[in-house]
Amino acid sequence: NAGVTQTPKFRILKIGQSMTLQCAQDMNHNYMYWYRQDPGMGLKLIYYSVGAGITDKGEVPNGYNVSRSTTEDFPLRLELAAPSQTSVYFCASSLTNYGYTFGSGTRLTVV
Amino acid sequence: KQEVTQIPAALSVPEGENLVLNCSFTDSAIYNLQWFRQDPGKGLTSLLLIQSSQREQTSGRLNASLDKSSGRSTLYIAASQPGDSATYLCAVHYGGATNKLIFGTGTLLAVQP
């Protein structure tokens, strides 16, 4: 009964470093999403996937990459971390377009 | 442009009061609308989901309404409690090719004991 699991919960990166934020769901949801939340700015969609092997850009995709090799997993990759990527990242999933379940978030600081 | 606005940005009420949070959206061609709760440093918890064909949904002390024609939704919280203190986010889902869930910036609610 895990829902959407994100790891790590916290991370500090130096400028130029790379990392992968992990997201896994056990609800057999076909849709998965990555959002970032900046203070006072609401949530912005980075990338989304409608099923294994299919991904597409959201509103703010620059500086990120994703892959969806399985239904369960949807990792988000930061190749060259920049201070502007300091944010809280949320992964979410949904069955078709009905209702979203969110993970608990990854708080990333780039220094 | 599809935008979602929440008013007020912050609200403080004494315990026991009934209150209304407002959400407005510019594009009425929505698929559904969802209200979330977010506690400090935590993820989002889904409270209520209203499909575009529905007018309201109720869960316990919460009631959400939807008026597509005017581009508005409200979240009514009855008999507020200090445990209701959190940020409440409204999110509008536009299906089809865009498949976007567009969030408002939230209302920060503080219920004073």
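The shown structure was predicted, so the numbers you read here are calculated from the model rather than taken from an experiment.

### Quick notes on the overall build of chain A
In terms of regular secondary structure, chain A is built from zero helices and eleven strands. For 111 residues, the compact-globule estimate of 2.2 N^0.38 gives 13 Å, and chain A sits close to it at 13 Å. With respect to the three principal axes, the spread of C-alpha positions in chain A is 35 × 25 × 25 Å. Residues classed as buried in chain A amount to 47% of the 111 residues present. Contacts in chain A between residues at least 24 apart in sequence constitute 55% of all its contacts with a sequence separation of at least 6. For chain A, the accessible area works out to roughly 5,200 Å², and carbon and sulfur atoms hold 54% of it. Side-chain charges of chain A comprise 9 positive and 7 negative groups, with the mean position of each set lying 9 Å from the other.

### Some thoughts on the sheet that holds strand E7 (residues 62-67) of chain B
Residue and element names in this part refer to chain B. The five strands lie next to each other as E1-E3-E8-E7-E6, forming an open sheet whose pairing is antiparallel. Two strands bound the open sheet, and with one partner strand each, they are strand E1 (4-7) and strand E6 (56-59). Taking each pair of neighbouring strands and ignoring which way they run, the sheet shows an average axis angle of 15°. In this structure, E1 lies alongside strand E3 (residues 19-25), joined through four bridges in antiparallel fashion. Of the residues in E3, the one forming a bridge with Gln-6 is Cys-23.

### Things to note about the environment of Phe-102 of chain A
Relative to the helices and strands, Phe-102 of chain A is located in strand E10 (residues 98-102). Overall, Phe-102 of chain A belongs to the buried group, its relative accessible area being 8%. Residues contacting Phe-102 of chain A, with those up to four places away along its chain left out, are Val-4, Tyr-35, Leu-43, Phe-90, Cys-91 and Ala-92 of chain A together with Phe-36, Leu-44, Leu-101 and Phe-103 of chain B.

### Some details on unusual backbone geometry
In this structure, the amide linkage connecting Thr-7 of chain A to the following residue, Pro-8 of chain A, adopts the cis form with an omega of -5°. Among the secondary structure elements, Pro-8 of chain A is positioned in the loop between strand E1 (4-7) and strand E2 (10-13). In this chain, Ile-7 of chain B is followed by Pro-8 of chain B through a cis amide linkage whose omega measures 0°. Among the structural elements, Pro-8 of chain B can be located in the loop between E1 and strand E2 (10-14). Of note, the phi angle at Ala-79 of chain B is positive, near 45°, even though the residue is not glycine. With respect to the secondary-structure elements, Ala-79 of chain B resides in the loop between strand E8 (72-77) and strand E9 (86-94).

Each value, and the rule that gives it
Residues numbered from 1 in each chain as written. Chains lettered and ligands numbered in written order. Predicted model: local features only at pLDDT ≥ 70, side-chain atom pairs only at ≥ 80, totals over all residues. Heavy atoms only, no water. Helix = DSSP H or I, 4+ residues; strand = E, 2+ residues; numbered from the N terminus. Rg over C-alpha atoms; globule rule 2.2 N^0.38 Å. Buried < 20%, exposed > 50% of the residue type's maximum accessible area, 1.4 Å probe, protein only. Contact = heavy atoms within 4.5 Å. Areas by Shrake-Rupley, 256 points an atom, 1.4 Å probe, with all protein chains shown as cover. Lys, Arg positive; Asp, Glu negative; His and termini not counted. Charge placed at Lys NZ, Arg CZ, Asp CG, Glu CD. Pairing = 2+ DSSP bridges. Axes fitted to C-alpha atoms, helices over the stretch in contact; angles between N-to-C directions.

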